[in-house]
Amino acid sequence: MRRSILPVVVTLVLAACRSEVVEPAPTTIGTPTGKDAGGEADTSTIPSNCPAPRALGPANVSAGFLRPVKVTIAGVADGDSGRYNFPNAANQGVRMLWVNTEESFGDDMTAFGVETKATVIKWITDAKEIQIAVQETAPGSGIPDSDPYDRWLSLLFLDGELLQTCLLYTSDAADERS
């Protein structure tokens, strides 16, 4: 099994940004108390001279995406894809942009993929509001961009927080086959 490229990328970023360390932006999904899964204080840090990530919420989605809309969950396929009920499309397949999780079924299924799917299902079912911003085929086109499986490529927000960010903060987006 090949190793994830994520540790290499993190190492390169940290090497480029060596200096004093600061706490990362807080996240409420996954670790609402600021503690890790073992109940210990989360001591994750990032170097201070690295640019802070821009907080991305439903109110400030950039050009190239349709306006975020409230949806309901129809089902989760994997940690990075599922089916949602949109105001204008029921049971529409969605693939989250910018993350890749391992498979939770089929020949490529892994224990990590099954665990990540369970985590995402919990986050989604615990959320009071789900919003999705679908990427457009071209900025301003109004046409949803989709992958080869006809899933809309999207940003998914749970109670205003980008789910993709939560997957990265909790390391659930690592794909060992990458």
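Residues numbered from 1 in each chain as written. Predicted model: local features only at pLDDT ≥ 70, side-chain atom pairs only at ≥ 80, totals over all residues. Heavy atoms only, no water.

1. Some points on the pattern of salt bridges
- With the rule as written, the count across this model stands at 4 salt bridges.
- In this structure, Glu129 engages Lys70 in a salt bridge whose closest nitrogen and oxygen atoms are separated by 3.0 Å. With Glu129 in the loop between helix H2 (111-126) and strand E6 (130-134) and Lys70 in strand E3 (residues 69-78), the pair connects residues that are 59 residues apart, well separated along the chain.
- Relative accessible area serves as the criterion here: at 56%, Lys70 is assigned to the exposed category. (Salt bridge = Lys/Arg side-chain N within 4 Å of Asp/Glu carboxyl O. Helix = DSSP H or I, 4+ residues; strand = E, 2+ residues; numbered from the N terminus. Buried < 20%, exposed > 50% of the residue type's maximum accessible area, 1.4 Å probe, protein only.)

2. Here we look at the nonpolar core
- Judged by nonpolar contacts, the single largest core of 22 residues is most densely connected at Tyr84, Phe86, Ile130, Ile132, Leu156, Leu158 and Leu163.
- Broken down by secondary-structure element, the contributors of at least two residues to this core are E3, strand E4 (81-86), strand E5 (89-96), H2, E6, strand E7 (152-158) and helix H3 (163-169).
- Grouped together as the second largest cluster of nonpolar side chains are 8 residues, Leu97, Leu153, Leu155 and Leu162 included. (Core = buried A, V, L, I, M, F, W, Y, C linked by side-chain atoms within 4.5 Å.)

3. A look at the confidence of the model for the protein chain
- Overall, the predicted model of the protein chain reaches an average pLDDT of 77, with 65% of residues at or above 70.
- When the elements of the protein chain are averaged for pLDDT, strand E1 (residues 21-22) gives the smallest value, 36, and E6 the largest, 98.
- For residues 1-26, every residue scores under 50 in pLDDT, and the model assigns this stretch 37 contacts once sequence neighbours within four places are set aside.
- The low-confidence segment residues 31-35, where pLDDT is below 50, has 7 contacts with residues more than four positions distant or belonging to other chains. (pLDDT = per-residue confidence, 0-100. Contact = heavy atoms within 4.5 Å.)

4. Concerning the pairing of E5
- Here E5 lies mainly inside the structure; 6 of its 8 residues are buried.
- Bridge count between E4 and E5: 5 bridges; the pairing is antiparallel. Across the sheet, the residue bridging to Tyr84 is Gln92, located in E5.
- What sits between E4 and E5 in their antiparallel hairpin is a turn of 2 residues.
- With 3 bridges connecting them, E5 and E7 associate as parallel partners. Looking across to E7, one finds that Arg95 is bridged to Leu153. (Pairing = 2+ DSSP bridges.)

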